[in-house]
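Chain by chain, the residues run as shown.
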Amino acid sequence: MLSKRASNIEVKRINRNQVYWLINQRERTSKPEIAAFLGLSMPTVLQNVDELIERGLVIEAGTFESTGGRKAKILSANYAARFAIGIDITQNHIGLALTDLSGKVHLHRRLQKPFDDSESYYRELGELAMVFLRETGRAVDGFLGFGISIPGIISLDGQIITHSHALGIAGVPCHRFYEFIPYPCVLTNDANAAMIAEMYHNPGPMTAIYFSLSNYVGGAIFTQATQDFEHKPVYDRLFLGDHCRSGEFGHMTLFPAGSPCYCGKQGCIDSYCSARLLSGLTGNKLESFFLELPSDTALQDVWSRYLDHLAIAVNSLHMAFDSPVIIGGYVGSFMEPHLFDLQQRASQLNTFGQDASYIRLCQFKVEASALGAALRHIEAFIQTI
Ligand SMILES: [Zn+2]
């Protein structure tokens, strides 16, 4: 009897979650549309919508044009009902981004601040976080917390940064990063965070690979997406591996005995596909590289070689996973005009026919890792609806 009641409660929770998530995704919908799309009865939809309105998560925003019968009310998610802030920590910068239940970036900042594993750094980080929170102008009762992304490997239990070459730390407890932040905090690997940003709105492919081309090359593997409308956190669908070291694509060997890699090996993908290879030629500014590229033949030669190497790496990922490969990171945000070129090169390498339409561009080009880190709070909240 108890288990039957428990399963009824679970069905109710799933229904409510599905109704909420559909409203969240559609931006404008109606009760008849929800009932039809989810295959729920009108009384079930009415009850759930009323509950969501009462909780301030859904609002009625006018009526649709009549199609003959009574005009249906427009339902929209109250995206501002909850919000979270993401902080992206890199070797030299701190990025901050505000998001809410819409999963969009509403405000962002990037400051130059070299990382230092010291109390003064963490204290300043806490101050910056508080300043940014005030800057959002939002009431803190809707604030869920800070998500922090770092270029490093975090233990499965989320307690220890086991290794971060970029930050020069190993075995550091995660709580050091939020010692001076009096709100809930969670740490996420930067590539995994960027993948969360990409997939938050996308119940799409069953598997997808995020290939992060920043100063260090990394990545993330997303699996087991479903088409249902119960929202399951993207983080729970990431393939993390036995030691949370999955997606370290930067250290797959591209050329045996090739260029030295910072990891101590030779010929790693990182040595050929890191953003530093490009930005290093234009005063460490990647934007300048792409600005000067059309009129500089020396840069064009470098870029052509870069694309050849990237094509090999991307093709290998496609051979391993047979799924979309999303080009992200710093270079990914400049890749749009060059996507066709990359696809052409990769298609020549495809064993299964000359196709490279599996190569996609990242959708989030500004503070993707900060956004994804913050979305962990947003997704955890949606689970409770
Ligand atoms: Zn390496």
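Quick caveat: nothing in here was measured; it's all calculated off a predicted structure. (Residues numbered from 1 in each chain as written. Predicted model: local features only at pLDDT ≥ 70, side-chain atom pairs only at ≥ 80, totals over all residues. Heavy atoms only, no water.)

Draft legend 1. Broad picture of the packing of helix H9 (residues 297-321) against helix H11 (residues 339-347). At a minimum axis distance of 8 Å, the contact between H9 and H11 shows a crossing angle of 55 degrees. For the element pair H9 / H11, the angle class is oblique. The element H9 and its partner H11 pack so that their crossing is right-handed. Within the contact between the two elements, H9 uses Ser-304, Leu-307, Asp-308, Leu-310, Ala-311 and Asn-315 and H11 uses Asp-341, Leu-342, Arg-345 and Ala-346. Considered class by class, the residues forming the contact of H9 with H11 number 5 nonpolar, 2 polar and 3 charged. (Axes fitted to C-alpha atoms, helices over the stretch in contact; angles between N-to-C directions. Helix = DSSP H or I, 4+ residues; strand = E, 2+ residues; numbered from the N terminus. Parallel < 35°, antiparallel > 145°, perpendicular 65-115°, else oblique. Left-handed = near helix turned anticlockwise from the far one by under 90°. Contact = heavy atoms within 4.5 Å. Nonpolar A, V, L, I, M, F, W, Y, C, P; charged D, E, K, R; others polar.)

Draft legend 2. The arrangement of the coordination of the zinc ion in detail. At the metal site, the zinc ion is ligated by His-251 (ND1), Cys-261 (SG), Cys-263 (SG) and Cys-268 (SG), and these contacts range over 2.1 to 2.4 Å. If you look at the zinc ion, its 4 donor atoms make angles of 104 to 118 degrees with each other, and the shape they trace is tetrahedral. Considered as a linear motif, the donors of the zinc ion on their single chain read H-x9-C-x1-C-x4-C. With His-251 in the loop between strand S12 (217-222) and helix H6 (270-273) and Cys-263 in the loop between S12 and H6, this pair connects stretches of sequence that are 12 residues apart. (Donors = N, O, S within 2.8 Å, 3.2 Å for Na, K, Ca; no water. Tetrahedral: all angles 85-135°; square planar, octahedral: opposite > 155°, others 65-115°.)

Draft legend 3. Molecular detail of the pattern of salt bridges. Summed over the entire model, instances satisfying the criterion amount to 14 salt bridges. Salt-bridge contacts for Asp-117 lead to Arg-176; the nearest nitrogen and oxygen are separated by 3.3 Å. Note that Asp-117 is positioned in the loop between strand S5 (107-112) and helix H4 (119-135) and Arg-176 in the loop between strand S9 (172-173) and strand S10 (185-189), a separation of 59 residues in sequence. A salt bridge links Arg-345 to Asp-308; the nearest nitrogen and oxygen atoms lie 3.0 Å apart. Here Arg-345 is found in helix H11, whereas its partner Asp-308 is found in helix H9, with 37 residues between them in sequence. (Salt bridge = Lys/Arg side-chain N within 4 Å of Asp/Glu carboxyl O.)

Draft legend 4. Geometry of the pairing of strand S8 (residues 160-163). Pairing of strand S7 (residues 153-154) with S8, which is carried by 2 bridges, proceeds in the antiparallel orientation. Paired with Ile-153 across the bridge in S8 is His-163. Counting the residues in the hairpin turn of S7 and S8 gives 5 residues, including Gly-158, whose phi is positive at 70 degrees. Sheet analysis places S8 next to S9, joined by 2 bridges and oriented antiparallel. Paired with Ile-161 across the two strands is Val-172, which belongs to S9. (Pairing = 2+ DSSP bridges.)

Draft legend 5. A look at the side chain of His-377. Along the chain, His-377 turns up in helix H12 (residues 368-383). With relative accessibility at 12%, the residue His-377 sits in the buried group. When residues no more than four places from it in sequence are discounted, the contact partners of His-377 are Ala-84, Leu-144, Gly-145, Phe-146, Gly-147, Pro-184, Cys-185 and Val-186. (Buried < 20%, exposed > 50% of the residue type's maximum accessible area, 1.4 Å probe, protein only.)

Draft legend 6. Region of the structure containing the sheet that holds S10. Strand order in the open sheet made by the 5 strands is S5-S4-S3-S6-S10, with mixed pairing throughout. Each edge of the sheet is formed by a strand with only one pairing partner; in this case those strands are S5 and S10. Pairs of neighbouring strands in the sheet enclose a mean axial angle of 20 degrees, with direction left out of account. For strand S4 (residues 93-100) and S5, the ladder comprises 6 bridges, and the chain directions are antiparallel. Its bridge partner lying in S5, Leu-98 is registered against Leu-107. Sitting on the sheet, H12 touches strand S3 (83-89), S4, strand S6 (143-150) and S10, and the angle it makes with S6 is about 140 degrees.

Draft legend 7. Inspection of the sheet that holds strand S13 (residues 325-328) at higher detail. As summarised here, the arrangement of the 4 strands in space is S12-S11-S13-S14, forming an open sheet in which the pairing is mixed. Every other strand in the sheet has two partners, leaving S12 and strand S14 (359-361) as the edge strands with one partner each. Ignoring strand direction, the axes of neighbouring strands in this sheet form an average angle of 25 degrees. When strand S11 (residues 208-213) meets S13, the two strands line up parallel, connected through 4 bridges. Bridge pairing in S13 places Phe-211 opposite Ile-327.

Draft legend 8. A look at the pairing of S11. Across the 6 residues of S11, 6 count as buried, placing the element largely inside the fold. Here S11 shows a buried face lined by Ala-208, Tyr-210 and Ser-212 and a second buried face lined by Ile-209, Phe-211 and Leu-213. Strand direction decides the pairing type here: S11 and S12, joined by 6 bridges, are antiparallel. Note that in S12 the partner of Ile-209 across the bridge is Ile-221. In this antiparallel pair of consecutive strands, S11 and S12, the connection spans 3 residues.

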